[in-house]
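Listed below, chain by chain, are the residues.
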Amino acid sequence: MSTLVAGIDSSTQSCKVVIRDAETGALVRSGQAPHPPGTEVDPAAWWDALGVAIAKAGGLDGVSAVAVGAQQHGMVCLDADGEVVRPALLWNDTRSAPQAADLVAELGDGDPARGAAAWATAVGSVPLASFTVTKLRWLAEREPASMSRTAAVCLPHDWLTWRLAGGRDPDALRTDRGDASGTGYWSPAAGAYRLDLLKMACGTSPAVPRVLGPADRAGEVMQAPDGAGGGTGAVLGAGTGDNAAAALGLAAGPGDVVVSIGTSGTVFAVCPTPTADASGIIAGFADASGHFLPLVCTLNAAGVLNAAASLLGVGLDRIDELPLTARPGAGGLTLLPYLEGERTPNRPGATAELHGLTGANATPENLARAAVEGMLCGLADGLDAIVAAGLTVRRVLLIGGGARSAAVRQIAPAVLGVPVDVPEPGEYVADGAARQAAWVLAGGAAPPDWKLGETRRYEADPEPQVRARYAAIRDASA
């Protein structure tokens, strides 16, 4: 009888559960449930969705190990009794942008440039509105009563792992180096918290989760959500953040660059040494395997395709087709796709802009093509930053919901300027969590060697004029 492991992906939009054979990685069953919309969510909604997703996956009976991957950065505050103090602020909540700027300047004694360099040296990243540390400063300033109640602060994956372990005592919170590296108060290079920066941010010293190694156990499943059924006694892995989990699910190694198109867009690379980018473009994260994960993130990704479909009054299937009937460059149309503000470049208050519209190019085909090209140009800027940092690029892997679009797959190599390899569609965050669970269960120095599906390569002639026009508009709108 096969040994089974479960991987959980608690993302911005939904919770997904995969149950796989621990030895081969073969998918046995899966389930999914939606999360509520918004950038501020009661964590109880994640717990409820987890119960539904587990039930749809056939329950946890017979599952020997579980690990959780989840959206990064989100601020979950707990009181001394382990109760949630207020709804969690998610990574894509930009209200703490002023506090981010203040924190950067403060560490540089009033000089933002010096402060950015100091933050990058301290924790590998320059904090932006997405980072937990900036949300805590916002909480201290705007909701001091909530801050005074906060005895512990954790991230979405930490909270779910803690709840599965029967969480009552905040001192029992556990995390991993991948997710801890996105808080703004844990150093990947030193492998330790910077509690001085945490206190600087919020004026107090809430408890933080203990950071576990890649194959360490976080405990056992003691409590499953209502409707999940069984599963108690299963080993719990440390879990990790969504991008680190995706890298583990893809078995990405040094030289691999992953471009992921989901609610956010991310470009990240596995490398053996930590990074520290004072410009703030690259976040110097850790990964879930003991390496490091320099990452560039855009707030606007697959949602740009949804917005284009809504604007044109068509379904997503047409947004998959229309761009391929337009010529590269969309007849001179360029979309700066800052629908939700933007993280890279750091423009939290920005809005989208459409440039070059004329009577001749005002067609659905060109608008759809401009949406795809604009979204990909933001990610191409991220790939440029990874290359400029001196990181080796052996291959580029394109994943995420947006990668299911034929238009995105075919246009991506032209905009990115390099061939892209597209793995079979899969739930790579949940798969990475499942692979970690199997690793924790088996022990050893490395995760199990699961066979990945086929990968298809897409190639196209680069379109430098598309990038040049986009860059000129991006820079002019700063």
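Residues numbered from 1 in each chain as written. Predicted model: local features only at pLDDT ≥ 70, side-chain atom pairs only at ≥ 80, totals over all residues. Heavy atoms only, no water.

Draft legend 1. View of the overall build of the protein. Secondary structure summary: the protein contains 15 helices and 24 strands in total. Relative to the compact-globule value of 23 Å for 478 residues, the protein shows a C-alpha radius of gyration of 21 Å, a close match. C-alpha atoms of the protein, sized along the principal axes, occupy 65 × 60 × 40 Å. Within the protein, the fraction of its 478 residues that count as buried is 58%. (Helix = DSSP H or I, 4+ residues; strand = E, 2+ residues; numbered from the N terminus. Rg over C-alpha atoms; globule rule 2.2 N^0.38 Å. Buried < 20%, exposed > 50% of the residue type's maximum accessible area, 1.4 Å probe, protein only.)

Draft legend 2. Region of the structure containing helix α4 (residues 132–142). Extensive coverage of α4 is indicated by the burial of 8 of its 11 residues. Of all the residues in α4, the buried ones are T132, V133, T134, K135, L136, R137, W138 and L139.

Draft legend 3. Quick peek at empty space enclosed by the protein. With the rule as written, the count across this model stands at 5 cavities of 30 Å³ or more. There is about 70 Å³ of room inside the largest cavity. Surrounding the largest cavity, W91, T94, L128, A129, S130, L299, E342, R343, N346 and P348 form its lining. Of the residues that constitute the lining of the largest cavity, the class distribution is 5 nonpolar, 3 polar and 2 charged. (1 Å grid on protein atoms, 1.4 Å probe; cavity = no way out; pocket = protein on both sides within 12 Å on 5 of 7 lines; lining within 4 Å. Points joined across faces, edges and corners; volume = space filled by probe spheres on them. Nonpolar A, V, L, I, M, F, W, Y, C, P; charged D, E, K, R; others polar.)

Draft legend 4. A look at the pattern of salt bridges. Applying the stated criterion to the full structure yields 22 salt bridges. Salt-bridge contacts for E373 lead to R369; the nearest nitrogen and oxygen are separated by 2.9 Å. Taken together, the residues span about one helical turn, with E373 and R369 both in helix α12 (residues 364–388) at a distance of 4 residues. Judged by its relative accessible area of 3%, E373 falls in the buried class. R404 is the partner of E427 in a salt bridge, and the nearest nitrogen-oxygen pair spans 3.9 Å. With E427 in the loop between β23 (420–423) and α14 (428–442) and R404 in the loop between β22 (395–399) and α13 (406–416), this pair connects stretches of sequence that are 23 residues apart. One continuous salt-bridge network, built from bridges that share partners, spans E40, R86, D93, R95 and E143. (Salt bridge = Lys/Arg side-chain N within 4 Å of Asp/Glu carboxyl O.)

Draft legend 5. Looking closely at unusual backbone geometry. A cis amide bond links T344 with the next residue in sequence, P345, at an omega value of 0 degrees. Note on placement: P345 falls in the loop between β20 (334–336) and β21 (353–355). Here D109, not a glycine, exhibits a phi torsion of approximately 55 degrees, which is positive. Its place among the elements puts D109 in the loop between α2 (97–107) and α3 (112–123).

Draft legend 6. Layout of the layout of surface pockets. In this model, the second largest pocket occupies a volume close to 400 Å³. Lining the second largest pocket are 24 residues, with S279, I281, R343, P345 and N346 positioned closest to its centre. Among the secondary structure elements, those contributing two or more residues to the lining of the second largest pocket are α2, α12 and α15 (464–476). The leading source of residues in the lining of the second largest pocket is α2, at 4 residues. For the lining of the second largest pocket, a count of residues per class yields 14 nonpolar, 5 polar and 5 charged.

Draft legend 7. Inspection of the packing of α2 against α3 at higher detail. α3 packs onto α2 with a crossing angle of 90 degrees between their chain directions and a minimal axis gap of 6 Å. Overall, the two elements α2 and α3 adopt an arrangement that is roughly perpendicular. In contact with L103, V104, A105 and L107 of α2, α3 contributes P112, G115, A116, A118 and W119. Residues of the contact of α2 with α3, tallied by class, amount to 8 nonpolar, 1 polar and no charged. (Axes fitted to C-alpha atoms, helices over the stretch in contact; angles between N-to-C directions. Parallel < 35°, antiparallel > 145°, perpendicular 65-115°, else oblique. Contact = heavy atoms within 4.5 Å.)

Draft legend 8. View of the packing of aromatic side chains. In this structure the tally under the stated criterion is 3 aromatic pairs. Both rings, one in Y185 and one in Y193, keep their centres 6.3 Å apart while their planes meet at 25 degrees; by these two values the pair is stacked. Over the face of the ring belonging to W138 we find R95, whose NZ or CZ atom lies 5.0 Å from the ring centre. Over the face of the ring belonging to W47 we find R163, whose NZ or CZ atom lies 4.2 Å from the ring centre. (Phe/Tyr/Trp six-rings, centres within 6.5 Å; stacked < 30°, edge-to-face > 60°. Lys NZ or Arg CZ within 6 Å of the ring centre and 35° of its normal.)

Draft legend 9. Local environment of the side chain of R137. Positionally, R137 belongs in helix α4. Of the polar contacts made by the side chain of R137, one reaches the backbone oxygen of A201; its length is 2.7 Å. Setting aside anything within four residues of it in sequence, one finds R137 in contact with Q99, D102, L103, E106, M200 and A201. (Polar contact = N/O pair within 3.5 Å; in protein donor to acceptor, adjacent residues only side chain to side chain.)

Draft legend 10. How the structure looks around the side chain of T134. Looking at where T134 falls in the secondary structure, it is placed in helix α4. Using a relative accessible area of 0% as the deciding quantity, one classes T134 as buried. Among the polar contacts listed, one links the side chain of T134 to the backbone oxygen of L128, at a separation of 3.2 Å. What T134 contacts, discounting residues up to four positions off in sequence, is S96, Q99, A100, L103, P127, L128 and A129.

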